[in-house]
Amino acid sequence: MHNASLERGAARTAVVVTMISLLFSCSCSRTKRDEVQVLREDIYGFFLGQTKKAVFKRADGIAKVTRAPESPMDYRGELWNFSAPLETNAAVDHVRCAFLKNRLMEVIVYFRDTGTRNLDRLKLQLEGQFQTRAVAEDSRFEMAQKTYRLNGPGMSITIRRITKPKETELYVQYLHDVLHRELIEKNKSIKQR
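In this text, all values refer to a predicted model and were calculated from it rather than measured experimentally.

Some details on the nonpolar core
For step 1, the next point in the chain: Judged by nonpolar contacts, the single largest core of 33 residues is most densely connected at Phe46, Phe82, Val107 and Tyr174.
For step 2, the next point in the chain: Mapped onto this core, the elements with two or more residues apiece are helix 2 (52-59), strand 2 (78-82), strand 3 (92-100), strand 4 (103-111), helix 3 (116-130), strand 6 (145-152), strand 7 (155-163) and strand 8 (168-176).
For step 3, the next point in the chain: Discounting residues that sit within four places of it in the chain, Val107 has contacts with Ile43, Phe46, Leu48, Val95, Arg96, Cys97, Val172, Gln173 and Tyr174.
For step 4, the next point in the chain: One finds Ala98, Leu100, Leu175 and Leu183 within the second-largest nonpolar core, a separate group that totals 9 residues.

Quick look at the structure:
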């Protein structure tokens, strides 16, 4: 009899503790006004969601940073070119970053070696890193490029090789999911005006 009342008391205590912790965690959850999450994935020294100030401070002495031209098509955030990645990597030619609300929304890493073997190597590397399969776009619509898409934790990733009349580009684009959705909404509201 004594054990049964102890078990009921322990069960009630566990329920009360669980309810209190749920209430506390709900009161501490993020709202739209809260800061955007900084993702843990290291992208050649860049971290999606990090503040512009923090990124520029880390780039000081590592890369020359210049303002990139705005896109004529639509708003893509505040665009900046970095002459080098923030972690030394000889394979990288340069990096372009986009900031939305002073947060790093996009990192595009351009590679020196633009060959198809490097495209395949990058695809395999990213599939292994994120334990997922890269999906190719429909080859009937891709004439001068090859594109693969995959998902990472809190981000989308695109690997693209584009053959242009005078050059070929090979890059990997990393997009912060939450900030990218906000950019899409912002562009929708701009078009409705």
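Let's talk about the sheet that holds strand 3
For step 1, the next point in the chain: Taken together, 8 strands build an open sheet; the order of strands is 1-2-3-4-8-7-6-5 and the sheet is antiparallel. Each edge of the open sheet is held by one strand with a lone partner, namely strand 1 (65-67) and strand 5 (135-136).
For step 2, the next point in the chain: Relative to strand 6, strand 5 is paired through 2 bridges, and the arrangement is antiparallel. Across the sheet, Ala136 pairs through a bridge with Tyr148, a residue of strand 6.
For step 3, the next point in the chain: Contacting strand 1, strand 2, strand 3 and strand 4, helix 2 runs over the sheet at an angle of about 15° to strand 2.

Conventions used here
- Residues numbered from 1 in each chain as written.
- Predicted model: local features only at pLDDT ≥ 70, side-chain atom pairs only at ≥ 80, totals over all residues.
- Heavy atoms only, no water.
- Core = buried A, V, L, I, M, F, W, Y, C linked by side-chain atoms within 4.5 Å.
- Buried < 20%, exposed > 50% of the residue type's maximum accessible area, 1.4 Å probe, protein only.
- Helix = DSSP H or I, 4+ residues; strand = E, 2+ residues; numbered from the N terminus.
- Contact = heavy atoms within 4.5 Å.
- Pairing = 2+ DSSP bridges.
- Axes fitted to C-alpha atoms, helices over the stretch in contact; angles between N-to-C directions.

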